[in-house]
Amino acid sequence: RCKKSYYWKYIIKLESIRKAPKLELGLLASKIFEEYYNQLPKDRNQTMLSNAVANILASSEKKFLGENPKEDIKDEWSKICRILPKIFSTYHNWALPKDINLKIIAVEKEYKIELEKGIFLLAKPDAIALQYPEDIITKWVFEHKLRSNYKIGMFGIDYQSIGSCLVSESIGTIYNVIDFKNLK
């Protein structure tokens, strides 16, 4: 990455006051996924998911807008408040039959292994999931991606996925990609 960005973040520890709206959308969606997947499959339902969306939006509004927000910030928040409920209103019906045997065991947990003395591999996947088909238990990295312009082949084996699998001892990555380009 950029040397100046590294200097600001790690040397002088300068932090951004506000995250970019697209990053904020992804972080809010991750919180919603976390709440959804921390429920047992039998307890996951549309009402629970709608409540999670409403609660997370309500608890995040002040932080996102800040004091005396400009119009463009208000517009971005308004867009997020329109898009997230639409995304998740259909997500549950699609996901439940596919992940009935999926149990999330860690969300946004940092993993670290020492490759050799003083050299570490770090990863912080969206989630680690156990899948229980009959008598075989399989561990997966679970990554959520929200894209407004998704193309087939956009996600594949990448360094994030490989690192997350290595440090968490998972066999692979399940990408949960939601394309929302047609939502207004």
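Here the structure is a predicted model, which means the values were calculated and not measured.

Draft legend 1. Structural detail: the packing of helix α3 (residues 46-65) against helix α4 (residues 71-95). Interaxial distance between α3 and α4 falls to 10 Å at its minimum, and their mutual angle equals 165°. Comparing the axis directions of α3 and α4 gives the class roughly antiparallel. The chirality of how α3 crosses α4 is right-handed. Within the contact between the two elements, α3 uses Gln46, Leu49, Val53, Leu57, Ser60, Glu61, Phe64 and Leu65 and α4 uses Ile73, Lys74, Glu76, Trp77, Ile80, Cys81, Leu84, Pro85, Phe88, Ser89, His92 and Asn93. Across the contact of α3 with α4, the residue classes break down as twelve nonpolar, five polar and three charged.

Draft legend 2. Representation of the nonpolar core within the structure. Counting residues in hydrophobic clusters, the biggest one holds 28 residues, and the most contacted among them are Tyr37, Ile80, Leu84 and Phe88. Elements supplying a minimum of two residues to this core: α2 (21-37), α3, α4, β1 (102-107) and β4 (127-131). Take this core: its biggest share by element is nine residues, from α4. Ala106, Tyr111, Ile128 and Val167 belong to the second-largest nonpolar core, a separate cluster that totals seven residues.

Draft legend 3. Quick peek at the pattern of salt bridges. Counted according to the given criterion, the structure contains one salt bridge. A salt bridge links Glu71 to Lys74; its shortest N-O distance comes to 3.5 Å. Remark: Lys74 and Glu71 occur in helix α4; sequence separation between them is three residues, near one turn of the helix. A relative accessible area of 51% means that Glu71 is categorised as exposed. Here Lys74 falls in the partly exposed class, since its relative accessible area comes to 38%.

Draft legend 4. Region of the structure containing empty space enclosed by the protein. This model, assessed by the stated rule, comprises one cavity of 30 Å³ or more. In this model, the largest cavity occupies a volume close to 40 Å³. Considering the residues around the largest cavity, the lining is formed by Phe33, Glu34, Tyr37, Ile104, Val107, Asp126, Ala127, Phe142 and His144. For the lining of the largest cavity, the secondary structure elements donating two or more residues are α2, β1 and β5 (138-147). Of all the elements, α2 adds the most residues to the lining of the largest cavity, at three residues.

The rules behind each value
- Residues numbered from 1 in each chain as written.
- Predicted model: local features only at pLDDT ≥ 70, side-chain atom pairs only at ≥ 80, totals over all residues.
- Heavy atoms only, no water.
- Axes fitted to C-alpha atoms, helices over the stretch in contact; angles between N-to-C directions.
- Helix = DSSP H or I, 4+ residues; strand = E, 2+ residues; numbered from the N terminus.
- Parallel < 35°, antiparallel > 145°, perpendicular 65-115°, else oblique.
- Left-handed = near helix turned anticlockwise from the far one by under 90°.
- Contact = heavy atoms within 4.5 Å.
- Nonpolar A, V, L, I, M, F, W, Y, C, P; charged D, E, K, R; others polar.
- Core = buried A, V, L, I, M, F, W, Y, C linked by side-chain atoms within 4.5 Å.
- Buried < 20%, exposed > 50% of the residue type's maximum accessible area, 1.4 Å probe, protein only.
- Salt bridge = Lys/Arg side-chain N within 4 Å of Asp/Glu carboxyl O.
- 1 Å grid on protein atoms, 1.4 Å probe; cavity = no way out; pocket = protein on both sides within 12 Å on 5 of 7 lines; lining within 4 Å.
- Points joined across faces, edges and corners; volume = space filled by probe spheres on them.

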